[in-house]
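These are the residues of each chain, in order.
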Amino acid sequence: MPIDRTSSAPQGGAAVPPEEYARLQGRITQVSRLATIGEMAAGIAHEINQPLTAIANYARASEILLRKSEDGKADVLEALQEIEREARRAADIIRRLRDLVRGQPSERAPADLNGVVTEVAELLQGDARAHGVRLLFELGEAMPRVVVDRVQIQHVLLNLTRNALEALGEVPSAEREIVVRTAPAGAGEVELSVTDTGPGVAPRIAGRLFTPFVTTKPNGTGLGLVSSQTTVRAHDGTLGYRPNSPRGACFFLRLPARPA
Ligand code: ADP
């Protein structure tokens with residue numbers, strides 16, 4: 001009886017037909033997307049695990065302290081404060097991730113960037129005073145207008161200023177200074193920058209500043225710069241970092257100027 005070989009798999013290096021190639025390409029894209037989500041999920045699990053373990057430990061310690069004595073009030077209070085702090089940290093990680101994944105709805109309108117900055121100036125001054133930091137504004141003249149969701153851009157400015165304030169905690173109070181600056185940036189763009197006189201970005205994370213969960217702070221989330229970058233990119237702009245001279249950090253965002 002003759003053997004039917006027509007259904008056997010082709011041998012050797014036959015060329016992949018275009019439709020099969022397209023299917024494979026699609027599959028590769030899908031797999032790499034899944035890998036990114038997988039990595040992200042592993043990162044989330046790791047990050048959330050730390051504050052949750054701390055919460056459980058402090059809760060257990062409080063329980064033991066309460067059972068043991070009546071005069072251990074200060075210890076219990078301290079443990080309760082830690083529970084609250086760690087729970088807030090876990091909530092903060094979740095909130096920022098949710099914003100990042102969902103993306104906030106945007107209400108954009110033509111605006112004067114200096115006005116956007118001035119609206120939160122008092123808020124920023126209050127924060128700066130509380131940290132013993134001198135905060136200066138240098139707002140450019142005759143600035144072209146931009147099209148922005150002002151609250152979202154203000155949120156980015158607050159994030160960058162908070163980071164600068166935290167960085168300045170490491171230098172003597174007489175040397176703590178932040179300058180919030182606006183200026184035309186050429187190529188039809190305007191720049192908003194936050195410059196501080198802190199220690200500057202740690203070299204070991206300089207190449208990964210905009211990577212989720214990269215933080216040098218014991219209670220940081222490492223999500224502030226990533227979510228700020230997402231916001232700025234959604235405005236067709238860029239968020240960047242350059243070292244400040246002679247010391248410190250400068251974070252800047254560039255936004256397209258509104259066509260006249
Ligand atoms: P977080 O503030 O939670 O750490 P961010 O994404 O806002 O998350 O910042 C990531 C890291 O970038 C910080 O932990 C810090 O090491 C570094 N960084 C950000 N802003 C500054 C700054 N102004 N000066 C020095 N380092 C900074």
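Residues numbered from 1 in each chain as written. Predicted model: local features only at pLDDT ≥ 70, side-chain atom pairs only at ≥ 80, totals over all residues. Heavy atoms only, no water.

We now examine the site of the ligand. For the ligand, the set of nearby residues contains 20 residues, the closest of which are Asn-163, Thr-215, Thr-216, Lys-217 and Thr-221. A distance of 2.9 Å separates an oxygen atom of the ligand from a polar atom in the side chain of Asn-163. Relative to its free-state accessible area of 530 Å², the ligand is covered by the protein chains to the extent of 93%. Taking a 2 Å distance to the grid points as the criterion, the majority of the atoms of the ligand fall inside the largest pocket. Put simply, the parts of the chain that give the shell around the ligand at least two residues each are helix H5 (150–168), helix H6 (224–234) and strand S7 (249–256). With 3 residues, the top contributor of residues to the shell around the ligand is H5. (Near = heavy atom within 4 Å. Polar contact = N/O pair within 3.5 Å; in protein donor to acceptor, adjacent residues only side chain to side chain. Areas by Shrake-Rupley, 256 points an atom, 1.4 Å probe, with all protein chains shown as cover. 1 Å grid on protein atoms, 1.4 Å probe; cavity = no way out; pocket = protein on both sides within 12 Å on 5 of 7 lines; lining within 4 Å. Sits in = over half its atoms within 2 Å of the grid points. Helix = DSSP H or I, 4+ residues; strand = E, 2+ residues; numbered from the N terminus.)

Quick look at the confidence of the model for the chain now. For the chain, per-residue confidence averages 85 on the pLDDT scale, and 84% of positions sit at 70 or higher. Below a pLDDT of 50 lies the segment residues 1–13, which in the model reaches 0 contacts outside its immediate sequence neighbourhood of four places, other chains included. (pLDDT = per-residue confidence, 0-100. Contact = heavy atoms within 4.5 Å.)

Turning our eyes to something else, we now look at the packing of H5 against H6. Close contact between H5 and H6 brings their axes to 10 Å; oriented N to C, the two are set at 150 degrees. Considering their axes alone, H5 and H6 lie roughly antiparallel with respect to each other. For the crossing formed where H5 meets H6, the hand is left-handed. Of the residues in H6, those in contact with Gln-152, Val-156, Asn-159, Leu-160 and Asn-163 of H5 are Gly-224, Leu-225, Ser-227, Ser-228, Thr-231 and Val-232. (Axes fitted to C-alpha atoms, helices over the stretch in contact; angles between N-to-C directions. Parallel < 35°, antiparallel > 145°, perpendicular 65-115°, else oblique. Left-handed = near helix turned anticlockwise from the far one by under 90°.)

On the secondary structure map, Arg-242 appears in strand S6 (residues 238–243). Spatially, the C-alpha atoms of Arg-242 and Val-201 are 9.2 Å apart, while their sequence positions differ by 41 residues. Look past the residues within four positions of Arg-242 in its chain and what remains in contact with it is Glu-191, Ala-249, Cys-250, Phe-252 and Arg-254. A polar side-chain atom of Arg-242 sits 2.8 Å from a polar atom in the side chain of Glu-191.

Glancing now at the sheet that holds S6. Spatially, 5 strands are ordered S2-S4-S5-S7-S6 in an open sheet, and the strand pairing comes out mixed. Two strands lie at the open edges of the sheet, namely strand S2 (134–139) and S6, each paired on one side alone. When strand polarity is set aside, the average angle formed by the axes of neighbouring strands in this sheet is 20 degrees. Two strands pair when backbone bridges link them, and strand S4 (residues 177–186) and strand S5 (residues 189–196) are joined in this way by 8 bridges, in the antiparallel orientation. (Pairing = 2+ DSSP bridges.)

Turning our eyes to something else, we now look at unusual backbone geometry. Cis geometry is adopted by the peptide bond preceding Pro-246, which originates at Ser-245 and carries an omega value of 0 degrees. Note that Pro-246 resides in the loop between S6 and S7. In the Ramachandran plot, Ala-142 falls in the positive-phi region, its phi being about 50 degrees despite a non-glycine side chain. Topologically, Ala-142 is positioned in the loop between S2 and strand S3 (146–148). Within the chain, Asp-236 stands out as a residue other than glycine whose phi angle is a positive 60 degrees. Positionally, Asp-236 belongs in the loop between H6 and S6. The class of Asp-236 is exposed, set by a relative accessible area of 61%. (Buried < 20%, exposed > 50% of the residue type's maximum accessible area, 1.4 Å probe, protein only.)

Before going further, it helps to examine the environment of Ala-142. Classification of Ala-142 as exposed rests on a relative accessible area of 80%. Taking C-alpha positions, Ala-142 is 8.8 Å from Pro-184, a pair spaced 42 residues apart along the chain.

Now for the layout of surface pockets. When its volume is computed, the largest pocket comes out at roughly 1,200 Å³. Taken together, 49 residues line the largest pocket, and the ones lying closest to its centre are Asn-163, Glu-166, Lys-217, Gly-224 and Leu-225. Looking at the lining of the largest pocket, the element that brings in the most residues is H5, giving 10 residues. Residue composition of the lining of the largest pocket, grouped by class: 16 nonpolar, 20 polar and 13 charged. When residues of the lining of the largest pocket are sorted by domain, at least three fall in each of domain 1 (24–39 + 106–256) and domain 2 (44–101). (Points joined across faces, edges and corners; volume = space filled by probe spheres on them. Nonpolar A, V, L, I, M, F, W, Y, C, P; charged D, E, K, R; others polar. Domains from an automatic or database assignment.)

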